[in-house]
There are 2 protein chains.
Amino acid sequence: MPTSKDVAQAAGVAQSTVSYVLSGKRPISEKTRKKVEAAIEQLTYQPNAGARALASRKTRVIGLVIPFIPELEMGSIMEFVSVIASTARQYDHDILLVTDDEGAAGLGRVVGQQICDGLILMQVEDEDERLPVARGLNVPVVLIGIPRDPSGLVCIDADFEMAGEHCVRDLAAAGHSVISVIDWQPAVMDRHVNYVDRFLHGTDVAAEALGVTVLHLPGGTDRATISESVDKALTSTTGKPAFIAPDRTIQDILRRILSSRGLTLGLDVSVIGSASPTLAELQPIPLSTIDLRPAEVSRRAVKIMCQLLDADSHGPHESLELVPTVITHRSSTLRPQ
Amino acid sequence: MPTSKDVAQAAGVAQSTVSYVLSGKRPISEKTRKKVEAAIEQLTYQPNAGARALASRKTRVIGLVIPFIPELEMGSIMEFVSVIASTARQYDHDILLVTDDEGAAGLGRVVGQQICDGLILMQVEDEDERLPVARGLNVPVVLIGIPRDPSGLVCIDADFEMAGEHCVRDLAAAGHSVISVIDWQPAVMDRHVNYVDRFLHGTDVAAEALGVTVLHLPGGTDRATISESVDKALTSTTGKPAFIAPDRTIQDILRRILSSRGLTLGLDVSVIGSASPTLAELQPIPLSTIDLRPAEVSRRAVKIMCQLLDADSHGPHESLELVPTVITHRSSTLRPQ
DNA sequence: GTGAATCATCGATGCGTATCGACGATGCTG
DNA sequence: CAGCATCGTCGATACGCATCGATGATTCAC
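Residues numbered from 1 in each chain as written. Chains lettered and ligands numbered in written order. Predicted model: local features only at pLDDT ≥ 70, side-chain atom pairs only at ≥ 80, totals over all residues. Heavy atoms only, no water.

1. A short note on the protein's contact with DNA strand C
Around DNA strand C, a shell composed of 29 residues is seen, among which Ser-4, Arg-26 and Tyr-45 of chain A together with Thr-17 and Thr-32 of chain B lie nearest. Taking all atoms of DNA strand C within 4 Å of the protein, the share assigned to sugar and phosphate is 52%. Within the contact set of DNA strand C, a phosphate oxygen lies 3.1 Å away from a backbone nitrogen or oxygen of Asn-48 of chain A. Counting residues per element, the ones that place at least two in the surface near DNA strand C are helix 2 (15–23) and helix 4 (49–56) of chain A together with helix 2 (15–23) and helix 4 (49–56) of chain B. Split by residue class, the surface near DNA strand C holds twelve nonpolar, twelve polar and five charged. (Near = heavy atom within 4 Å. Polar contact = N/O pair within 3.5 Å; in protein donor to acceptor, adjacent residues only side chain to side chain. Helix = DSSP H or I, 4+ residues; strand = E, 2+ residues; numbered from the N terminus. Nonpolar A, V, L, I, M, F, W, Y, C, P; charged D, E, K, R; others polar.)

2. A word on the packing of aromatic side chains
Tallied over the full model, the rule gives six aromatic pairs over all chains. When the centroid spacing of 5.5 Å and the interplanar angle of 65° are considered together, the rings of Trp-184 of chain A and Tyr-195 of chain A count as edge-to-face. Taken together, the residues span a long stretch of sequence, with Trp-184 of chain A in the loop between strand 6 (178–182) and helix 9 (186–189) and Tyr-195 of chain A in helix 10 (residues 195–210) at a distance of eleven residues. Neither residue differs from the other here; Trp-184 of chain A and Tyr-195 of chain A are each classed as buried. Centroid distance Phe-160 of chain B to Tyr-195 of chain B: 4.6 Å. Interplanar angle 15°. Geometry classified as stacked. Taken together, the positions of Phe-160 of chain B in helix 8 (residues 160–173) and Tyr-195 of chain B in helix 10 (residues 195–210) put the pair 35 residues apart, joining distant regions of the chain. Tyr-195 of chain B sits in the buried class, given a relative accessible area of 13%. Through a chain of ring-to-ring contacts, three or more aromatic side chains come together here, namely Phe-160, Trp-184, Tyr-195 and Phe-199 of chain A. (Phe/Tyr/Trp six-rings, centres within 6.5 Å; stacked < 30°, edge-to-face > 60°. Buried < 20%, exposed > 50% of the residue type's maximum accessible area, 1.4 Å probe, protein only.)

3. Considering helix 4 of chain A
In an α-helix, one full turn covers 3.6 residues, which means residues spaced three or four apart are oriented alike. With a side-chain oxygen lying 2.8 Å from the backbone nitrogen of Gly-50 of chain A, the N-terminal cap of helix 4 of chain A falls on Asn-48 of chain A. Downstream of helix 4 of chain A by a residue or two, Arg-57 of chain A has a phi angle that is positive, lying close to 65°.

4. Remarks on helix 8 of chain B
All names here are of chain B. The end-to-end C-alpha separation of helix 8 is 20 Å, in line with the 20 Å expected for 14 residues at 1.5 Å each. When we look at burial in helix 8, the residues that qualify are Phe-160, Ala-163, Gly-164, Cys-167, Val-168, Leu-171 and Ala-172. The buried residues of helix 8 occupy an angular sector of 160° when the element is viewed end-on, so they sit on one face. Of the residues flanking the end of helix 8, it is Gly-175, one or two places downstream, whose phi is positive at about 100°. (Expected span 1.5 Å × (residues − 1). Arc of directions from axis to C-beta.)

5. Some details on the sheet that holds strand 4 (residues 141–144) of chain A
Each strand in a sheet pairs with its neighbour through backbone hydrogen bonds, running either in the same direction (parallel) or in the opposite one (antiparallel). The twelve strands are arranged 11(A)-5(A)-4(A)-3(A)-1(A)-2(A)-2(B)-1(B)-3(B)-4(B)-5(B)-11(B) in an open sheet whose pairing can be described as mixed. Strands at the two margins of the open sheet, each flanked by one partner only, are strand 11 (319–323) of chain A together with strand 11 (319–323) of chain B. Strand after strand, the sheet turns through a mean of 25° between neighbouring axes, direction not considered. In this structure, strand 5 (residues 154–158) of chain A lies alongside strand 11 of chain A, joined through five bridges in parallel fashion. Opposite Val-154 of chain A, over in strand 11 of chain A, you have Ser-319 of chain A as the bridge partner. Here helix 14 (residues 294–311) of chain A sits on the sheet in contact with strand 1 (61–66), strand 3 (118–121), strand 4, strand 5 and strand 11 of chain A, set at roughly 165° to strand 5 of chain A. (Pairing = 2+ DSSP bridges. Axes fitted to C-alpha atoms, helices over the stretch in contact; angles between N-to-C directions. Contact = heavy atoms within 4.5 Å.)

6. Focus: the sheet that holds strand 8 (residues 242–244) of chain B
All names here are of chain B. An order of 7-6-8-9-10-12 is seen for the six strands of this open sheet, with the pairing classed as mixed. In this open sheet, the two strands that pair with only one neighbour each are strand 7 (213–217) and strand 12 (326–328). The sheet shows a mean angle of 20° between the axes of neighbouring strands, taken without regard to direction. Relative to strand 9 (residues 270–273), strand 8 is paired through three bridges, and the arrangement is parallel. Bridge assignment links Ala-242 to a residue of strand 9, and that residue is Ser-270. The sheet strands contacting helix 8 are strand 6 (178–182), strand 7, strand 8, strand 9, strand 10 (288–291) and strand 12, and the helix crosses strand 8 at an angle near 165°.

Distances and angles like these do not, on their own, reveal function.
As structure tokens, this is what we get:
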């Protein structure tokens, strides 16, 4: 592997000059720059990351702490990961994976060894055990999700409250006076991620404002639980029932139950779920969805991180950013009256 | 951040001694070791990764090249990623994400900058454009998937041929004489991953050996295509039909179509699909599945990589490892007669 | 009790880059 | 044309660790 010294020699300049050509931190004459660039090209020189990190005290690597919960929303997590990695490259950074099975100690490790300049935490829980560690690190940390106490932390997440409000508002506009919200599956509830509460709160706020009724019903990955929830919903209204089921597994079961009772989506009953556009369109009756915009959340998380890294004022930052959600009405909801 | 020099000072030894305590590459007296370890503990010293990489020429980081194909098998990819990251830690390595949207150039970058010691490529296609680049790199490369020409490369994948054979064998044993294999969805077929061919070949081999008929029918993410395939299957046998549908999206559609025709899984018709155990159990009729063992494939990929890194004989390695697949019969297949 | 062999530790050096101070060359002001 | 600021480049040094050769301290054999 060629080094900057080799490049310098080939270009007939000092090593430091090569460095300045690359960084642009000192003026370089056009002539010299051309020579150096030619040498770089010819030797296919690429700076050594280790040496660069050692000298500059910047690795240009961001640690991404992913949950190690097999089976739970794998696809959804991957969408974050993929977009985060891709966006990081746009800011000339790379992503190092830190799995949660190392526990909070993993954060201390990658920061302590100075493998990365900052951390993005995914799937932040209400009382996340990683937070005390995160607060003690002298590197920027960006959370995806909002803990109970976000003080002194930089958080970003989808605006679940707006999502809840929006769902209820639209269903009310379609003529529903009683709207049933099915909880996420127990495995998610047990994780104590507060987006659930924020979402439900949003539905309550809208219900109060519009004078409609919102029922909160338990979710589950077994047919029985949801079947029971559907029963409650049906007996609670004389009009056409409406369901909001943001959990993907649950919405699948819900749809089957409704159809087995002879209820046609978009005709006898409204259902708003959550799915990627492609998946939503793929359904027998295309599903109206609330888009929680994982890609946009991911992009912004990386952007915020890179801004923090550029500023590198290591003081205690604090901010909270909510990404607007978007409802797309397909065929599973009644038309607004 | 404390350095090994600080530790040396605190322990009253030379910096090199600290280094030898850590690496164990030279004998150290019990007394000295204790002193150094105490100092390390007290200062919470952690070696600087950049400096270590610079001096040792090893980063202890493995690059993981993930496909940047939104929407396609996200969940499945995440299972690989998660297990790979976690396994890498067991070998005291970390994982750097390299997204495919950088193209093959991304490989050259991370290796050229010496950010990582080796590469694991996921979703390797038949004529993968990354392969020429990979062959030219002087670092170990492990492929998950098998290209058309695997010469000079280290590959690992699930044994799709065995999977196909096994599916047909079990369905034949259950009394089916005509077995329909539904292709993967077009998006997968278009990627020219040859596991499709290997799987289909396996079904043909078994069919020939057992004297049963195997039909290859087109898959699709639209109901119409699969409906048509089902028709063909039904008219091709006087006995009870059997389906093998390894694509997850397709098996969902298939099940709906069969049930809408009044066919009960495990009674009138056999279906073997592919899904995680939890998901398979969750179905109204628990799905018999062929497990392609992504976790095991991931673990072995990392293991192979770490062995190559340890050996670090940078000669041209070549190997091909196939991971046995496992069929689990639940309720969607007829009992063997 | 002398020489050789082994053991434990130290000091020095190199890895490849960023960065600082210095210095000659050039341009400008009056 | 003297004096001074600016520009462009160089040399030297630091970053934190691994590693090699050297050296003093022990041990052992005879």
